Amino acid sequence: MIALRAAGRPLGEVEAVARAHGGRETAVLTSARGLYVLALSPRPEESLDLAGRIHRDLGGTARLAVHWKPYNEICAVVDALGFGPGVYQLDDVLVEYAAAQTPDIAQRLVGMVQPVLDDRVLRETLSAVISADGDADLACELLTLRRTFFDRRLRRVEELTGRRVDGPRNLQVLRTAVAVAAIMRQ
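Residues numbered from 1 in each chain as written. Predicted model: local features only at pLDDT ≥ 70, side-chain atom pairs only at ≥ 80, totals over all residues. Heavy atoms only, no water.

(A) Seen up close, the overall build of the chain. Scanning the chain from N- to C-terminus turns up 9 helices and 5 strands. Tracing the chain from N to C terminus, the helices and strands come up as β-α-β-β-α-β-α-β-α-α-α-α-α-α. Within the chain, buried positions represent 43% of all 186 residues. Partitioning the intrachain contacts of the chain with sequence separation of at least 6 by distance along the chain shows that 59% fall at a separation of at least 24. Only carbon and sulfur atoms are counted for the fraction: they give 51% of the accessible area of the chain, which is about 9900 Å². (Helix = DSSP H or I, 4+ residues; strand = E, 2+ residues; numbered from the N terminus. Buried < 20%, exposed > 50% of the residue type's maximum accessible area, 1.4 Å probe, protein only. Contact = heavy atoms within 4.5 Å. Areas by Shrake-Rupley, 256 points an atom, 1.4 Å probe, with all protein chains shown as cover.)

(B) Fine view of the pairing of strand 5 (residues 86-89). Burial of the side chains of strand 5 is restricted to one face: Gly86 and Tyr88 are buried, whereas none of Val87 and Gln89 on the reverse face is. Pairing of strand 4 (residues 62-66) with strand 5, which is carried by 4 bridges, proceeds in the parallel orientation. Directly across from Arg63, in strand 5, lies its bridge partner Gly86. (Pairing = 2+ DSSP bridges.)

(C) Representation of the layout of surface pockets. Here the largest pocket defines a volume of roughly 150 Å³. In terms of lining residues, the largest pocket is bounded by Val129, Gly134, Ala136, Arg147, Asp151, Leu154, Arg155, Glu158, Arg164, Val165 and Asp166. Among the residues forming the lining of the largest pocket, the class breakdown is 4 nonpolar, 1 polar and 6 charged. (1 Å grid on protein atoms, 1.4 Å probe; cavity = no way out; pocket = protein on both sides within 12 Å on 5 of 7 lines; lining within 4 Å. Points joined across faces, edges and corners; volume = space filled by probe spheres on them. Nonpolar A, V, L, I, M, F, W, Y, C, P; charged D, E, K, R; others polar.)

(D) Main features of the side chain of Thr125. Structurally, the position occupied by Thr125 is in helix 6 (residues 120-131). Once you skip the residues sitting within four places of it in the chain, Thr125 turns out to touch Leu143, Phe150, Arg153, Leu154 and Val157.

(E) Representation of the packing of helix 5 (residues 103-117) against helix 6. Here helix 5 crosses helix 6 at 120°, and the two axes come no closer than 7 Å. Contacts from Val113, Val116 and Leu117 of helix 5 reach helix 6 at Leu122, Arg123 and Leu126. (Axes fitted to C-alpha atoms, helices over the stretch in contact; angles between N-to-C directions.)

(F) Quick peek at unusual backbone geometry. With a phi close to 50°, Asp133 is a non-glycine residue in the positive phi region. Inspection of the secondary structure puts Asp133 in the loop between helix 6 and helix 7 (136-143). Taking relative accessible area as the criterion, Asp133 reaches 62% and is therefore assigned exposed. At Thr144, a position not held by glycine, the phi torsion is positive, near 50°. Along the chain, the position of Thr144 falls in the loop between helix 7 and helix 8 (147-161).

(G) Molecular detail of helix 9 (residues 168-184). The first and last C-alpha atoms of helix 9 sit 24 Å apart over 17 residues, in line with the 24 Å expected at 1.5 Å per residue. Those residues of helix 9 that sit buried are Leu171, Leu174, Arg175, Thr176, Ala177, Val178, Ala179, Val180, Ala181, Ala182 and Ile183. (Expected span 1.5 Å × (residues − 1).)

Any functional reading would require information beyond the geometric quantities listed.
Here you go:
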């Protein structure tokens, strides 16, 4: 199973590319969330190869998730964490997916980050920090903010979550919490 999202591209065009690469035995289903490509690929490597060919033809904003079960969750994590266009599989989001599958942990993580996610400005701030791997200067650039404004926002994120974002361990926890919240919304 390949879940495919290509923001800004007409679904018909995306479907045509998927069918061209998948062959006659491929089913393509459309939904509000994107396309699902059902190809007869008995081995994971074949699915990854197919996804790679589709991605090369689509380029741009295309994101593909390859797996037999949690394809929606993979796409949700990829989108929530701001991964760039590409082909993703469960191994790329293993920690986040595993945390979402453990109800007590998932509930604690979502509870920690939900106040931030409910506020558009703070959500954008945390997303920028995650995308910048904790580099505050790069996060400021991504948000086109002065450092003083950014620092104020960041302090509020830290107050609400109880986690500082300047260390790799806390940043990983927050990143996982954002991803789990995205999975839970599916």
